Amino acid sequence: MTLLQKMDRLVYATRLDRLIFMKFQPRTFRWTPLLVMAVLVAGYVLMARTASSPGRSFLIGSVIFYGAFMVAVFLRLFGPRFAGPALDERELMVKSRAYAVSGIVLASFAMMSCFYMAVASAGLWGLWQPHAMSDWITLGFGFQAAGNLLPTWIASWIEPRPAADEDD
Amino acid sequence: MIRDVIVTILYNRIAVFRAERGVSRRELAEAVGVNNQTIGYLERGDYKPSLELAMKIAVYFDVPIELIFSFRPFEPVADTLRRAAAAGERP
């Protein structure tokens, strides 16, 4: 058996072919994205609290945050289909609505965050604001994760419950 | 009154036509270029098709579009057969 054949067998044995060629049925995640977002926030808070003197809490926060970040990527892959060569008119409609709504939500959140930062940087009420470089980098990754989770979550609510597949 | 119906429900008889012709969802989906789940959603009334998709389905079954899609509920097949039998027609 050649190396290429072995690699082929490995792809099928690990079922990576299902992921690469989108062979799996899309699923809806109506609550999981909210849970992942909560975990992201918890991880971020743990990291931000100890960013000035990184220790055990910072490490735990990092593991929680980046673990949730990875889960967000996979939820997008296994959730309602947003990519692929053959999205039909219904899937394109779901995709465009989900991205439109999540775009509005993210833009509103970014706008509110700017107002918050303005107040926090003026030193009012002792509000927390990101200081360390890691705070900002993690915040960026948090936005990226939210950009994955929100469309998945919204599309999961737009998408009707799967119709029983009579052909299978 | 019809305006209220228009904005709420679009009835269809895709499942009836499929059963009559012995066509699976997958076959119909491939013929009209959609995912077979979309055909399931259409039959269940969870999705209203575009005019293009509705016409493709009508063309596939070779019937006028209004025989498949309607703003009013379709008469049950049993009633149609009963009426035809009463009129002396071959069902």
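Residues numbered from 1 in each chain as written. Chains lettered and ligands numbered in written order. Predicted model: local features only at pLDDT ≥ 70, side-chain atom pairs only at ≥ 80, totals over all residues. Heavy atoms only, no water.

**Q** Tell me about the overall build of chain B, and please be specific about residues and values.
**A** The helix and strand tally for chain B stands at six helices and two strands. Beginning at the N terminus, the succession of helices and strands in chain B can be written as α-β-α-α-α-α-β-α. Taken over 91 residues, chain B has a buried fraction of 35%. Sequence-distant contacts, at least 24 apart, represent 56% of the contacts inside chain B between residues at least 6 apart. Element-wise, carbon and sulfur atoms account for 57% of the exposed surface of chain B, whose accessible area totals about 5800 Å². (Helix = DSSP H or I, 4+ residues; strand = E, 2+ residues; numbered from the N terminus. Buried < 20%, exposed > 50% of the residue type's maximum accessible area, 1.4 Å probe, protein only. Contact = heavy atoms within 4.5 Å. Areas by Shrake-Rupley, 256 points an atom, 1.4 Å probe, with all protein chains shown as cover.)

**Q** Could you give an account of the interface of chain A and chain B, naming the residues involved and the relevant values?
**A** At the junction of the two partners, chain A supplies 17 residues and chain B supplies 18 residues. Summed over both sides, the interface of chain A with chain B buries roughly 1400 Å², with 39% coming from carbon and sulfur. Viewed at the interface, chain B and chain A are joined by zero salt bridges. Among the residues making up the side of chain A that touches chain B, the classes are represented as five nonpolar, one polar and 11 charged. (Buried area = accessible area lost by both parts, 1.4 Å probe. Salt bridge = Lys/Arg side-chain N within 4 Å of Asp/Glu carboxyl O. Nonpolar A, V, L, I, M, F, W, Y, C, P; charged D, E, K, R; others polar.)

**Q** Give a description of the packing of helix H4 (residues 56–78) of chain A against helix H6 (residues 133–158) of chain A that names residues and reports values.
**A** Two quantities define a packed helix pair, namely the angle between the axes and the distance from one axis to the other. All names here are of chain A. The geometry of H4 relative to H6 is characterised by a closest axis approach of 8 Å and an angle of 30° between their N-to-C directions. The angle between H4 and H6 places the two elements in the roughly parallel class. Read as a crossing pair, H4 and H6 show a hand that is left-handed. Packed against H4, whose contacting residues are Phe58, Phe65, Tyr66, Phe69, Ala72, Val73, Leu75 and Arg76, the element H6 presents Ser134, Thr138, Phe141, Gly142, Gln144, Ala145, Asn148, Leu149 and Thr152 at the interface. Its residues assigned to classes, the contact of H4 with H6 comprises 10 nonpolar, six polar and one charged. (Axes fitted to C-alpha atoms, helices over the stretch in contact; angles between N-to-C directions. Parallel < 35°, antiparallel > 145°, perpendicular 65-115°, else oblique. Left-handed = near helix turned anticlockwise from the far one by under 90°.)

**Q** So what's going on with the nonpolar core? Which residues, and what values?
**A** All names here are of chain B. Grouped together as the largest cluster of nonpolar side chains are 19 residues, with contacts concentrated most on Ile57 and Ile68. Of all the elements in the fold, those that place two or more residues in this core are helix H2 (14–21), helix H3 (25–32), helix H4 (36–44) and helix H5 (51–61). Of the residues forming this core, the biggest block, five residues, is contributed by H5. Beyond its immediate chain neighbours, meaning those up to four positions away, Ile57 contacts Ile14, Val32, Leu42, Ile68 and Phe69. (Core = buried A, V, L, I, M, F, W, Y, C linked by side-chain atoms within 4.5 Å.)

**Q** Before we move on, could you go through the side chain of Arg30(A) and cite the residues and values that matter?
**A** All names here are of chain A. Structurally, Arg30 can be placed in the loop between helix H2 (16–20) and helix H3 (32–49). Of the side chains bearing the opposite charge, Glu159 lies closest to the buried Arg30, which forms no salt bridge; the N-O distance is 8.3 Å. From its side chain, Arg30 meets the backbone oxygen of Glu159 in a polar contact 3.0 Å long. In contact with Arg30, not counting residues within four places along its chain, are Trp153, Ser156, Trp157, Glu159, Pro160 and Arg161. (Lys, Arg positive; Asp, Glu negative; His and termini not counted. Polar contact = N/O pair within 3.5 Å; in protein donor to acceptor, adjacent residues only side chain to side chain.)

**Q** Kindly report on the side chain of Asp135(A), identifying the contributing residues and their values.
**A** All names here are of chain A. Here Asp135 is to be found in helix H6. No salt bridge forms around the buried Asp135; measuring N to O, its nearest opposite-charge neighbour Arg49 is 11 Å away. At 3.0 Å, the side chain of Asp135 forms a polar contact with the backbone nitrogen of His131.

**Q** An account of the confidence of the model for chain B is needed here, citing residue identities and associated values.
**A** Segments scoring low in pLDDT should not have their predicted coordinates read at a detailed level. Across chain B, the average pLDDT comes to 86, with 89% of residues at or above 70. When pLDDT is averaged over each element of chain B, H5(B) comes out on top at 95 and helix H1 (residues 2–8) of chain B at the bottom at 57. (pLDDT = per-residue confidence, 0-100.)

**Q** Would you mind going over the packing of H3(B) against H5(B) in detail, with residue names and values included?
**A** Residue and element names in this part refer to chain B. The N-to-C vectors of H3 and H5 enclose an angle of 115°; their axes lie 10 Å apart at closest approach. For the element pair H3 and H5, the recorded crossing hand is right-handed. Between H3 and H5, the contacting residues are Leu28, Ala31 and Val32 on the first element and Leu53, Lys56, Ile57, Tyr60 and Phe61 on the second. Partitioned by chemical class, the residues of the contact of H3 with H5 number seven nonpolar, no polar and one charged.

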